[in-house]
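Below are the chains, spelled out letter by letter.
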Amino acid sequence: MQTLTDQNRHILIVEDDADTAEMVSTFLETAGYSTATVDTGEIALNEISSQPPDLVLLDLGLPDMPGLEVLKQVRANSFLPLIVISGKTQEHDKVVALEQGADDYMGKPFSPEELLARVMALLRRVGWTPVPEPKLIVRHLELDMARRQASIRNKKLHLTPVEYGILVTMMRTAGAVVNHDDLLRAVWGERYESDYSVLRVNISRLRQKLEENPRHPSYIVTVPGQGYVMPLKRP
Ligand code: CA
């Protein structure tokens, strides 16, 4: 169900394959978004810095520079919602793109319906403005919902929208095991296809940011075969 806040969201499509770009832009515009298409990494970076869109769809195979380089430069200054699209379906590219900060990943060929579902889910997470509520606090971890700012031992954490979503879910249910599917659903939305590798990469990035020892996490602890738990006391 599309909400009013989805209207007028501007999406930048970075894709050198004219047919794919055309299909994606037609589909997104029919759904009520405005789009612009650029076909090189350089133009994309200029466009993003001069007129930041609400979301970027980034093809990894661009004629002038690797899409991963574009991703790196975008992530150097912003947490702009970004979905990577690639003809390379190897797991490796996907993991690299996610490690470098992509919020989601789609391998070609994809259905425009699925792309739309992911765009909507990502924008919903970003645009989700909760009713101001008291801070969530779990041990040394604090989350200011109104400011969307998490900190650990008073040190601010810089989180991507997905990492933030995972953290909110884990903190709200602290002390209880959250299973993989519930976490995927909470963060990516009802229509999201189960993809544990995306979840694993995001959890691992989050641990790098908040755990004293990411190899022996004490805030996001794996419960084998079930999911994750945020213990209320240090394990
Ligand atoms: Ca391409």
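In short, a report on the structure. What you see is a predicted model; the values in this text were computed from it and never measured.

Reading the values: rules and limits
Residues numbered from 1 in each chain as written. Predicted model: local features only at pLDDT ≥ 70, side-chain atom pairs only at ≥ 80, totals over all residues. Heavy atoms only, no water. Helix = DSSP H or I, 4+ residues; strand = E, 2+ residues; numbered from the N terminus. Contact = heavy atoms within 4.5 Å. Pairing = 2+ DSSP bridges. Axes fitted to C-alpha atoms, helices over the stretch in contact; angles between N-to-C directions. Parallel < 35°, antiparallel > 145°, perpendicular 65-115°, else oblique. Left-handed = near helix turned anticlockwise from the far one by under 90°. Nonpolar A, V, L, I, M, F, W, Y, C, P; charged D, E, K, R; others polar. Buried < 20%, exposed > 50% of the residue type's maximum accessible area, 1.4 Å probe, protein only. Core = buried A, V, L, I, M, F, W, Y, C linked by side-chain atoms within 4.5 Å. Patch = residues over 30% accessible without salt bridge, like charges linked within 9 Å, V, L, I, M, F, W, Y side chains within 5 Å. Areas by Shrake-Rupley, 256 points an atom, 1.4 Å probe, with all protein chains shown as cover. Salt bridge = Lys/Arg side-chain N within 4 Å of Asp/Glu carboxyl O. Lys, Arg positive; Asp, Glu negative; His and termini not counted. Charge placed at Lys NZ, Arg CZ, Asp CG, Glu CD. Arc of directions from axis to C-beta. Phe/Tyr/Trp six-rings, centres within 6.5 Å; stacked < 30°, edge-to-face > 60°. Lys NZ or Arg CZ within 6 Å of the ring centre and 35° of its normal.

**A closer look at the environment of Arg-124**
Next, step 1: Inspection of the secondary structure puts Arg-124 in helix 5 (residues 112-127).
Next, step 2: C-alpha separation for the pair Arg-124 and Gly-189, spaced 65 residues apart in sequence, amounts to 8.7 Å.
Next, step 3: Residues within four places of Arg-124 in sequence aside, it is in contact with Trp-188 and Gly-189.

**Notes on the sheet that holds strand 8 (residues 149-152)**
Backbone-to-backbone hydrogen bonds join strands into a sheet, with any given pair of strands oriented parallel or antiparallel.
Next, step 1: Taken together, the four strands give an open sheet; going across it, the order is 6-7-8-9, and neighbouring strands pair in antiparallel fashion. Because the sheet does not close on itself, it has two edges, and the strands there are strand 6 (136-138) and strand 9 (155-157). Going from strand to strand, the sheet's axes swing by 25 degrees on average, the running direction of each strand aside.
Next, step 2: Judged from the three bridges that link them, strand 6 and strand 7 (residues 141-144) form a sheet pairing that is antiparallel. Residue pairing in the sheet places Leu-136 in a bridge with Leu-143 of strand 7.
Next, step 3: The sheet contacts of helix 6 (residues 161-172) involve strand 6, strand 7 and strand 8, and relative to strand 7 the element is tilted by about 110 degrees.

**Considerations on the packing of helix 2 (residues 41-50) against helix 3 (residues 67-77)**
Next, step 1: It is the contact of helix 2 with helix 3, at a shortest axis distance of 10 Å, that shows an interaxial angle of 15 degrees. Taken together, the axes of helix 2 and helix 3 lie roughly parallel to each other. In this structure, helix 2 meets helix 3 at a crossing whose hand is right-handed. The segment helix 2 lies against helix 3, with Gly-41, Leu-45 and Ile-48 engaging Val-70, Gln-73 and Val-74.
Next, step 2: Class assignment of the residues belonging to the contact of helix 2 with helix 3 gives a composition of four nonpolar, two polar and no charged.

**Let's talk about the side chain of Arg-75**
Next, step 1: Residue position: Arg-75 is located in helix 3.
Next, step 2: Accessibility expressed as a relative area gives 13% for Arg-75, which makes it buried.
Next, step 3: If near-sequence neighbours (up to four positions away) are discounted, Arg-75 is found in contact with Leu-80, Leu-82, Gln-100, Gly-101, Asp-103 and Thr-160.

**Some words on the nonpolar core**
Next, step 1: Ranked by internal contacts, the top residues of the largest apolar core, which has 53 residues, are Leu-58, Val-84, Leu-143, Ile-166, Leu-167, Leu-183 and Met-230.
Next, step 2: In terms of residues, this core owes the most to one element, helix 6, which gives seven residues.
Next, step 3: In terms of nonpolar packing, the next biggest core, distinct from the first, is built from 18 residues, Ile-11, Tyr-33, Val-119 and Met-120 among them.

**Describing the environment of Asp-17**
Next, step 1: Locating Asp-17 in the fold gives a position in the loop between strand 1 (10-14) and helix 1 (18-30).
Next, step 2: Looking at Asp-17, the relative accessible area reads 32%, which means it is partly exposed.
Next, step 3: Sequence separation between Asp-17 and Asp-59 is 42 residues; the distance between their C-alpha atoms is 9.0 Å.

**Some remarks on a negative patch on the surface**
Next, step 1: Negative charge collects at one region of the surface, where Asp-16, Asp-17, Asp-19, Glu-22, Asp-39, Glu-42 and Asp-64 lie side by side.
Next, step 2: The exposure class of Asp-39 is partly exposed, given its relative accessible area of 40%.

**Let's talk about the sheet that holds strand 5 (residues 104-107)**
Next, step 1: Spatially, the five strands line up as an open sheet ordered 2-1-3-4-5, and their pairing is parallel. Looking along the sheet, the strands with just one partner apiece sit at the ends: strand 2 (34-38) and strand 5. Direction aside, the axes of adjacent strands within the sheet are offset by 20 degrees on average.
Next, step 2: Bridge analysis of strand 1 against strand 2 gives five bridges, and the strand direction is parallel. Opposite His-10, over in strand 2, you have Ser-34 as the bridge partner.
Next, step 3: Along the sheet face, helix 2 touches strand 1, strand 2 and strand 3 (55-59) and points at about 165 degrees away from the line of strand 1.

**Some thoughts on helix 3**
Next, step 1: When we look at burial in helix 3, the residues that qualify are Gly-67, Val-70, Leu-71, Val-74 and Arg-75. Relative to the axis of helix 3, the buried residues are bounded by an arc of 130 degrees and lie together on one face. When the buried face of helix 3 is taken as reference, the exposed residues oriented beyond 90 degrees from it are Ala-76 and Asn-77.

**Remarks on the packing of aromatic side chains**
Two descriptors summarise a pair of aromatic rings, namely the distance from one centre to the other and the angle between the planes of the rings.
Next, step 1: According to the stated counting rule, one finds zero aromatic pairs in the structure shown.
Next, step 2: Directly above the aromatic system of Tyr-219 lies the positively charged group of Arg-139, at a separation of 4.0 Å from the ring centroid.

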